[in-house]
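Chains, contacts and geometry: an overview
The primary structure of each chain is shown beneath.
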There are 2 protein chains.
Amino acid sequence: MSNDNISIRLISQASSERSIGFVVNLEDAERAVNLLQKEFKNEILSKDISTISRNDAISIIAITGKHNYALEKAISGLRKNKIWLHLIANSINGEHISLVVSNNDVSKALNVVHNQVFGAIKTLNVFSLGKGTVGKALIQQVLQTSESLVERRKLKINIIGVSNSSKSIFSEVGLGLDWESALDKSSETNDIEVLIAKIKTAGLENVVILDNTANKDIALSYPKFVLAGFDIIASNKIANTLPLDHYNDFRKLLNQKNRNFYYETNVGAGLPIIDTVKQMVLADEQINSIKGVFSGSLSYIFNTFSEENKPFADVLMEARAKGFTEPDPREDLCGNDVARKLLILAREIGLESNFEDIDIVNLVPENLRNIDKWEDFESHLDEVTQYYEDIKSKLNSNQVLRYVGELNRNGKMTVSLITCDKGSPLSNLKGADSMIEIYTDSYGDKPIIIQGAGAGASVTARGVYSDLIRMGSVL
Amino acid sequence: MSNDNISIRLISQASSERSIGFVVNLEDAERAVNLLQKEFKNEILSKDISTISRNDAISIIAITGKHNYALEKAISGLRKNKIWLHLIANSINGEHISLVVSNNDVSKALNVVHNQVFGAIKTLNVFSLGKGTVGKALIQQVLQTSESLVERRKLKINIIGVSNSSKSIFSEVGLGLDWESALDKSSETNDIEVLIAKIKTAGLENVVILDNTANKDIALSYPKFVLAGFDIIASNKIANTLPLDHYNDFRKLLNQKNRNFYYETNVGAGLPIIDTVKQMVLADEQINSIKGVFSGSLSYIFNTFSEENKPFADVLMEARAKGFTEPDPREDLCGNDVARKLLILAREIGLESNFEDIDIVNLVPENLRNIDKWEDFESHLDEVTQYYEDIKSKLNSNQVLRYVGELNRNGKMTVSLITCDKGSPLSNLKGADSMIEIYTDSYGDKPIIIQGAGAGASVTARGVYSDLIRMGSVL
């Protein structure tokens, strides 16, 4: 090369001496290959050299004045963003590092390396599926705190898109405060495959998919997001309550692809319940049982009904009017939501459980379960009141009713209406608070108790936001 | 080199062309340097080449059949273990990676790279300062779970040494179940500098210092550990309650040197209090105040005294007999321990506070504060009983006493004996449980409550163990 005045920009040869890679200017490439072929004619004939290959579509990224720590960060960022490094070389003082990447990847790679190495500002590119109360509150929170996040944490969260049940908007530079009207006016599809393709084409780093829907199809699409290299945060509980095979396969995929999936709000909204359980499992603290009031709406209903002298139907309609229950409160009363939370915790502690394994007491009286529409059900509320009056009349003055989920290490899981004595932790619940008791080996029969507002759009959005910030610290 | 039959084992030249590094066999080194000096005589004269330097004491570590992900892990491990990489080179297919390190570092480097790349088994090398009840319980826990940890988490925790108030033992391969008698028989010093030198000489990876003492000198030595490249886990609260300048300097040092310091057990033993507060701060959830019963012993004393019709002194002596209090219970009664916990939380939420800023109500009656020895104080217990009888007599039947620490975002911190109405969360405390209420912006006037056994050697050791496992996942 030297004899023919071809300057070698970069060279890297690992100690096996099995191959040597170097970079020359594009205008010299043809000449360089010809020269090598001529020079090594005999070696090629004798197969001492198997191939001389040429790749024109590459770029060099040079990091100067930084040490090996920068290299580690750069490589880590590039790997997370699925960018292949053709060659790596450094100068002997470590202050000059060169990375060779494909031209296709170079702009994304530059972003990644720049942000990683200079710790300048890390950007999360977030696509929000769902703009219900939680999704909307979350997006507003992100947009409102955007400047302070950049300033205090060097973290920039771009909302690159939002979809609802019929359409979507997308902007690779990030949406502004007018995102809602933009979504209203949009005519773009919300098809998952199309969205994934769009995001991939934009070549964005650190893409996080936010699922604030309760949509099963979306939950079933999580593997697609992971395969595309995205991380996931969900308040949607469905992915964690799908049949065990699916759950385990998805866990395996996450692990294989080294992607993150956060879902702290699946149980107890913003309360640190899943994380506490995860930490205990991580530290091999054996959890023997978990028991609690998992539903804010049912907490409110039975706290009020036990405390006050009001017909059950009045308490129920009050809770509905306050927005504590679903529009059709039977979705709360049937107990499935509590059961789903229980199942999620059961799987966290390693139980191989399915939804069908849970013994659920449906709070809708049996003879009223076949009514289809809420409007029709409403005309039977007197019967519901009578049903709960009968139950209440059997309590003594020292007892209250609580709708409790409980799981045991042996696999038994129940969701049922129980009576508890006044003075017990569960009896002390107030308002719409949730409370979880965790019984472990070290703590014996004195549980760790976590209590607080465990439902509502604002605290759920807070919890999702907390997951986002945490994602920002690991990506 | 080629013309003179000197084989180049590895070469790396970054794209600046400002330096080029390569490795030849040691027997060729002299000849190679001479050749270069001859060849580049003119360039050296004209200063186009500034130096040709030679380093004989290097080794090549070759990673074959692994991709760039392996390189990231290897570099990350080497950096954490303070091993400098002279040169890095890879083959173009990425399946061959070579790292050049100093001979001095090569055996440590090989361990690190092997463990990092093959994810074989990560080893934490733990030195335990202190073998009191917590330290001892922790060491036993580690030794007992050692096999299951390796099997299930691919994490090996070696207890490489233990020190008590007068001496120490050290074994770079890890202590066995007979460590206590070995320590008894030992005549080795517990001097911190000597211990650090010993650990450094052994060339161990991932060294974690465990401080289960209540020793101030040890807390003051933390910067030395960090400078030696060690991480720290402490149940000792002192480092976090030293004057603010020291606290901030140490934080800065940790950050600079990229070392970890975990101390979850400083408040509420194994309860997830510090971590919950940290997560909230990380997620920019504004914490407005924190209030709670932080002391297990004082929880027990006032829960029992409020509930039962017993003289205060009897309750106190009962708590002492059960091991809930210090041998001299005035160390609990003075309130300093509660105040220290409060200060730690205050600093977590960003308050620039010092111990002196806390308003502490000392539970020892004022006229008895000058008594020196506990034995002398004991003879005045009737007066203490009378003092608390007077306080109790002023309560109505719906009130109970609690010794509560409270901090406010505005910087106000108090530790005092308060009356609370029955039915309030604090009034519901039982036994020796701790309870912390966290009031935040999103949760408004409904706090997040965390409650459970907040003291005792076994749950504290559990918490330290949990910190250790967590350390294993970040190192």
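So, here is what we can say about the structure in this document. Residue positions are counted from 1 within each chain, in the order its sequence is given. Chain letters start at A and ligand numbers start at 1, both assigned in the order the entries are written. A pLDDT threshold of at least 70 governs which residues receive local features in this predicted model, and a stricter bar of 80 or more applies before side-chain atom pairs are shown or counted, although totals over entire chains, interfaces and linings include all residues. To get the side-chain values, take all heavy atoms of the structure and skip hydrogens and water.

If you rotate chain A by 180° and push it 0.0 Å along the axis, it lands on chain B with an RMSD of 0.2 Å. Between the two chains, the operation in question is that of a two-fold axis. Mapped onto chain B, 100% of the interface residues of chain A are again interface residues, and the two copies thus contact each other with one and the same surface. The copies are overlaid by a least-squares fit using only the C-alpha atoms of residues whose pLDDT is at least 70 in both copies. Should any heavy atoms of two residues lie within 4.5 Å, those residues are considered in contact.

Attention now moves to the pattern of salt bridges. The term salt bridge refers to a pairing of a side-chain nitrogen on Lys or Arg with a carboxyl oxygen on Asp or Glu at a separation within 4 Å. By the definition in use, this model includes 36 salt bridges over all chains. The shortest N-O distance in the salt bridge between Glu180(A) and Lys131(A) comes to 3.3 Å. A residue pair is termed long-range when its members are at least 10 positions apart, and Glu180(A) in helix 6 (residues 179–185) and Lys131(A) in the loop between strand 6 (122–129) and helix 5 (133–153) qualify at 49 residues. Each residue is placed in one exposure class: buried if its accessible area under a 1.4 Å probe, protein chains only, is under 20% of its type's maximum, exposed if it is over 50%, and partly exposed if it falls in between. For Glu180(A), a relative accessible area of 26% gives the class partly exposed. Between Glu348(B) and Lys278(B) there is a salt bridge, with the nearest N and O atoms lying 3.3 Å from each other. Separated by 70 residues along the polypeptide, Glu348(B) in helix 15 (residues 336–348) and Lys278(B) in helix 11 (residues 273–282) bring together distant segments of the chain. To qualify as a helix, a DSSP run of H or I must reach at least 4 residues; to qualify as a strand, a run of E must reach at least 2; elements of each kind are numbered from the N terminus.

Residues and elements named next belong to chain A. Between any two strands, at least two bridges found by DSSP are needed for them to pair. Spatially, six strands are ordered 8-7-6-9-10-11 in an open sheet, and the strand pairing comes out mixed. Looking at the sheet topology across the chains shown, the edges are occupied by strand 8 (168–170) and strand 11 (261–262). Bridge analysis of strand 9 (residues 207–211) against strand 10 (residues 231–234) gives four bridges, and the strand direction is parallel. Bridging across to strand 10, Leu210 finds its partner in Ile233.

Right, let's get into the packing of helix 5 (residues 133–153) of chain B against helix 18 (residues 457–474) of chain B. All names here are of chain B. Only the stretch in contact is used when fitting a helix axis, every axis being a line fitted to C-alpha atoms; angles between N-to-C directions are given from 0 to 180 degrees. Orientation of helix 5 relative to helix 18, taken along the N-to-C sense of each, is 45°, at an axis distance of 9 Å. Relative to helix 18, the element helix 5 is oriented oblique. Between helix 5 and helix 18 the crossing geometry is right-handed. For the pair helix 5 and helix 18, the contacting residues are Thr133, Val134, Ala137, Leu138, Gln141, Val142, Thr145, Leu149 and Arg153 in the first and Ala457, Ser458, Thr460, Ala461, Arg462, Val464, Tyr465, Leu468 and Ile469 in the second. Partitioning the contact of helix 5 with helix 18 into residue classes produces eleven nonpolar, five polar and two charged. Each angle receives one of four descriptions, namely roughly parallel if under 35 degrees, roughly antiparallel if over 145, roughly perpendicular if within 65 to 115, and oblique otherwise. Left-handed describes a crossing whose near helix is turned anticlockwise from the far helix through less than a right angle; right-handed describes the clockwise counterpart. We call Asp, Glu, Lys and Arg charged. Ala, Val, Leu, Ile, Met, Phe, Trp, Tyr, Cys and Pro are nonpolar, and the rest, Gly among them, are polar.

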